[in-house]
Amino acid sequence: MKRYSPNRELFLCRMRMFYREPDAVFWTYGFPVLLTIGLGVAFRTKPPDKVQVAIQDATALGDIQRTLQGDQAFQTFVGTRPQCESWLRKGEADIAVLYADGVEYRSDPTRPEAAIARLKVDEAIQRAAGRTDAVATKDVQVTAPGARYVDFLIPGLLGMNLMGGGLWGIGFVTVDMRIRKLLKRLVATPMHKRDFFLSLIGSRMVFTVPEVLLLLVTGRLLFNVAIEGNALNIAVVAGIGALSFAGLGLFLSSRARKIETISGLMNAVMLPMWIFSGIFFSSKRFPDLLQPFIQALPLTQLNNALRAVITDGASLMSQWMPLSILAAYGLVAFVLALRWFRWT
Amino acid sequence: MEAASPAIICGELRKRYVTRGQPPVDALVGLDLTVASGECFGLLGPNGAGKTTTIEILEGLLEPTSGDVQVLNMRWGDDDESLRQRIGISLQETRLADKLTVEETLRLFRSFYRNGCEPREILDAVSLFEKRHSRIDTLSGGQKQRLAVACALLGCPELLFLDEPTTGLDPQSRREIWDIIRRHRERGRTTLLTTHYMDEAERLCDRVAVVDLGKIIAVGSPSELIHRIGGEHVIQFGLKDHTPNALPDAKFFCDLPSVRNCNAELDGFQLTVGAPHECIPALVGRLSAHRLELTRLTTRHVSLEDVFVSLTGRRLTTEELADKAP
């Protein structure tokens, strides 16, 4: 081994510059995990909400009161007629069961939960009074693995981090070195430009490994996220995604001479993808008119491929389309970046 | 014995900066320069004179608009790789990566050269051995500048380019940089540096080119340049101003013994003289004969600063230097 290998030294220096910068480490590794935990907890799967029922304290409603209080599906409040009306008005009760000339259900039809509450309350009361089903039916309830929100979220966050890491990790660092005139100083040595770019991209790929592992392990351990695909397929998709965004990062930073410029460019590129590319909710929710644009975004393709591989356990071959689009983005961006790159 | 070929030859160097929406700026307007192998050569001039443009063209970092450049008998565009292997460069202002240590930075720069010096030797040469494990963001300004020069020395260069190596440094740090440059010269290697400190050029350089408004207006050793303006001493004095004796014109003193040059300054007069011991008694005699009262009188040796003033009629003003102070 050569005593001084430019590739090794450039790579080592880039690694040190990263891990000795606590801010960079936090935003690359800490923040995505915190975000995952926060969103995972906020949208965790809960048992169905109880129906909130206000019942008037009328003697005639005694049986109904006992029936509903004995049923796990209901949370009951007993009070005077005005009290019941007030609970309903404030939204504390979904429905009020009152008694005037007969049993009266009072609810607000503009509230979505009111209709369900009315059906459930009526069903329980009628059944207790002896009503039987005219048609015998059977309920089969299934919660499919991988169908929860957190299962949808984790691959999206992974894609978002690969985008952010590639763009910031390459773009910001490059512009910072240009501002410091470190690029100019390097190009004043016999350094081969190819070695420089290789070390930049290579170190970024190394930083990606813990990034992907941390997110998937957090998802698996804390939220039991379904990971159907095998490790190699996930690694290939994440790797191509990381390379593609690293190329885009290099492209965006190829001319910029100010941090403001590169920050603006990054945000302009990332903002549409944060919104449209299906990180937090499916990109299919946008109108058909927008779909060609949405599908052309690299993060949409990366998220699609990550979800297919991670959640559905799809094969790499089946993902040739998104992977080719990603690779094309990366390649074109990289070639243009090399052509336009400004060292001074 | 045939003299070694010059380290640098450039002729009719021109550089025009064109910015859209603004009139073009001619930074260099036909600059000729020859730097002999083994000498320490200084480009001296005020800010904006074209020093940095010149040195960056010679370093191959900037394309001249026109003109011919030969460095170590090679040309930029044809022999870049071997030129880069043989020259060392310190830019006017480089902020190296803060989080790397001194030694890591040196190892990085060393790795680019096929045959370079050992980082340990260079650390000794620039007196940073104790600091080798310190991160760059903990170094003082002088230490950072020494590290920048160290990076330029790692390839064991035949030709060293230093752009304002001591600007903004305290006197002690400046002397340390001078020692490094002197040792480089003692090994028979060439240095081209830019500076706007006259004393630096005077102490350090074998030859100096005075650059002003994009061209060279004088070249020679510091003592040659000083001789060229005639005298070796400067007498400066001020007079009390009270009516009815109006202050005389500078020409009033030109015929005093051994006076080569006489100038009125803002607050007095400046005479360049060959023999102060003849001039001063005559000056005092003339002043008392005309009932003019001295407020101050100083004498000193002629400096490169005086050369610059006599060549351009302008002073390297203190404001210009203050801009660069830390």
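Please read these numbers as outputs of a predicted model, since none were measured by experiment. (Residues numbered from 1 in each chain as written. Chains lettered and ligands numbered in written order. Predicted model: local features only at pLDDT ≥ 70, side-chain atom pairs only at ≥ 80, totals over all residues.)

Details of the overall build of chain A
Point 1. Tallying secondary structure elements over chain A gives 13 helices and 4 strands in all.
Point 2. Rg of the C-alpha trace for chain A: 29 Å, well past the compact-globule value of 20 Å for 344 residues, more than 25% over.
Point 3. Projected onto its principal axes, the C-alpha positions of chain A cover 95 × 40 × 40 Å.
Point 4. Look at the contacts in chain A between residues 6 or more apart in sequence, and 74% of them connect residues 24 or more apart. (Helix = DSSP H or I, 4+ residues; strand = E, 2+ residues; numbered from the N terminus. Rg over C-alpha atoms; globule rule 2.2 N^0.38 Å. Contact = placed C-beta atoms within 7 Å.)

Considerations on the overall build of chain B
Point 1. When you go through chain B residue by residue, the secondary structure sums to 11 helices and 13 strands.
Point 2. In terms of principal-axis extent, the alpha carbons of chain B reach across some 75 × 55 × 45 Å.
Point 3. Per-residue burial for chain B yields a buried fraction of 39% across its 326 residues.
Point 4. Here the contacts in chain B between residues at least 6 apart in sequence split such that 70% fall between residues at least 24 apart. (Buried ≥ 20, exposed ≤ 12 C-beta atoms within 10 Å, placed from the backbone.)

A closer look at the interface of chain B and chain A
Point 1. If you look at the interface, chain B gives 22 residues, while chain A gives 20 residues.
Point 2. Those elements giving two or more residues to the side of chain B that touches chain A turn out to be α2 (80-86) and α3 (102-111) of chain B.
Point 3. The element contributing the most residues to the side of chain B that touches chain A is α3(B), with 6 residues.
Point 4. The class makeup of the residues in the side of chain B that touches chain A is 10 nonpolar, 3 polar and 9 charged. (Nonpolar A, V, L, I, M, F, W, Y, C, P; charged D, E, K, R; others polar.)

A few points about the sheet that holds strand β2 (residues 25-35) of chain B
All names here are of chain B.
Point 1. Judged by pairing direction, the sheet is antiparallel, and its 3 strands sit side by side in the order β2-β1-β4 without closing on themselves. Two strands bound the open sheet, and with one partner strand each, they are β2 and β4 (66-71). Averaged over all pairs of adjacent strands, the angle between their axes in this sheet comes to 20°, without regard to strand direction.
Point 2. Two strands pair when backbone bridges link them, and strand β1 (residues 8-17) and β4 are joined in this way by 5 bridges, in the antiparallel orientation. Along β4, the bridge assignment pairs Arg 14 with Ser 66.
Point 3. The strands that helix α1 (residues 51-58) touches are β1, β2 and β4; relative to β1, the one it contacts most, it runs at about 120°. (Pairing = 2+ DSSP bridges. Axes fitted to C-alpha atoms, helices over the stretch in contact; angles between N-to-C directions.)

Comments concerning the domain arrangement of chain B
Point 1. Segmentation of chain B into domains returns domain 1 (8-226) and domain 2 (230-301).
Point 2. Distance between the C-alpha centres of domain 1 of chain B and domain 2 of chain B: 41 Å. (Domains from an automatic or database assignment.)

Description of the domain arrangement of chain A
Point 1. In terms of domains, chain A is made up of domain 1 (22-43 + 145-340) and domain 2 (51-128).
Point 2. Computed from C-alpha atoms alone, the centre-to-centre distance between domain 1 of chain A and domain 2 of chain A is 52 Å.

Some details on the sheet that holds strand β1 (residues 51-56) of chain A
All names here are of chain A.
Point 1. Taking strand neighbours across the sheet as the criterion, the 4 strands line up as β2-β1-β3-β4 in an open arrangement whose pairing is mixed. Each edge of the open sheet carries a strand with a single partner, namely β2 (74-79) and β4 (103-106). Averaged over all adjacent pairs, the angle separating strand axes in this sheet is 25°, with direction ignored.
Point 2. Where β1 meets strand β3 (residues 95-99), 3 bridges bridge the pair, whose relative direction is parallel. If you follow Ala 54 over to β3, its bridge partner there is Ala 96.
Point 3. Packed onto the sheet, helix α4 (residues 81-90) meets β1, β2, β3 and β4 and runs at close to 160° relative to β3.

Side note on the pairing of strand β8 (residues 207-212) of chain B
All names here are of chain B.
Point 1. Sheet topology places strand β3 (residues 40-44) next to β8; 4 bridges connect them, and they run parallel. Bridge assignment links Phe 41 to a residue of β8, and that residue is Arg 207.
Point 2. As paired strands, β8 and strand β9 (residues 215-220) are joined by 5 bridges and run antiparallel to one another. Of the residues in β9, the one forming a bridge with Val 211 is Ile 216.
Point 3. Between the end of β8 and the start of β9, which pair antiparallel, lie 2 residues, with Leu 213 showing a positive phi angle near 50°.

Section: the nonpolar core
Point 1. Leu44(B), Val149(B), Ala150(B), Phe161(B) and Val210(B) are the most contacted members of the largest nonpolar core, which totals 129 residues.
Point 2. Considering every element that reaches this core, the biggest residue donor is helix α6 (residues 149-179) of chain A, with 14 residues.
Point 3. Ile64(A), Phe74(A), Ala93(A) and Val97(A) belong to the second largest nonpolar core, which has 15 residues in total. (Core = buried A, V, L, I, M, F, W, Y, C linked by C-beta atoms within 7 Å.)

Section: the pairing of strand β11 (residues 259-265) of chain B
Note on strand geometry: in a regular strand, side chains alternate between the two faces of the sheet.
Residue and element names in this part refer to chain B.
Point 1. Bridging between β11 and strand β12 (residues 268-273) involves 6 bridges; their strand directions are antiparallel. Bridging from a neighbouring strand, Asn 263 pairs with Gln 270 of β12.
Point 2. Remark: 2 residues form the turn of the hairpin made by β11 and β12, two consecutive strands paired antiparallel.

Describing the environment of Gly30(A)
Residue and element names in this part refer to chain A.
Point 1. Here Gly 30 shows up in helix α2 (residues 22-42).
Point 2. Overall, the presence of 13 C-beta atoms within 10 Å leaves Gly 30 in the partly exposed class.
Point 3. Once the C-alpha coordinates of Gly 30 and Leu 215 are considered, the two residues, 185 residues apart in sequence, prove to be 9.9 Å apart.

What to know about the packing of α6(A) against helix α9 (residues 231-252) of chain A
Residue and element names in this part refer to chain A.
Point 1. For the pair α6 and α9, interaxial distance at closest approach is 7 Å and the crossing angle is 35°. Both α6 and α9 take part in a crossing whose hand is right-handed. Note on element contacts: α9 touches α6 through Ala 238, Gly 241, Ala 242, Phe 245, Ala 246, Leu 248, Gly 249, Leu 250 and Leu 252, opposite Leu 158, Gly 159, Leu 162, Met 163, Gly 166, Leu 167, Gly 169, Ile 170, Gly 171 and Thr 174.
Point 2. A class-by-class count of the residues in the contact of α6 with α9 yields 12 nonpolar, 7 polar and no charged. (Left-handed = near helix turned anticlockwise from the far one by under 90°.)

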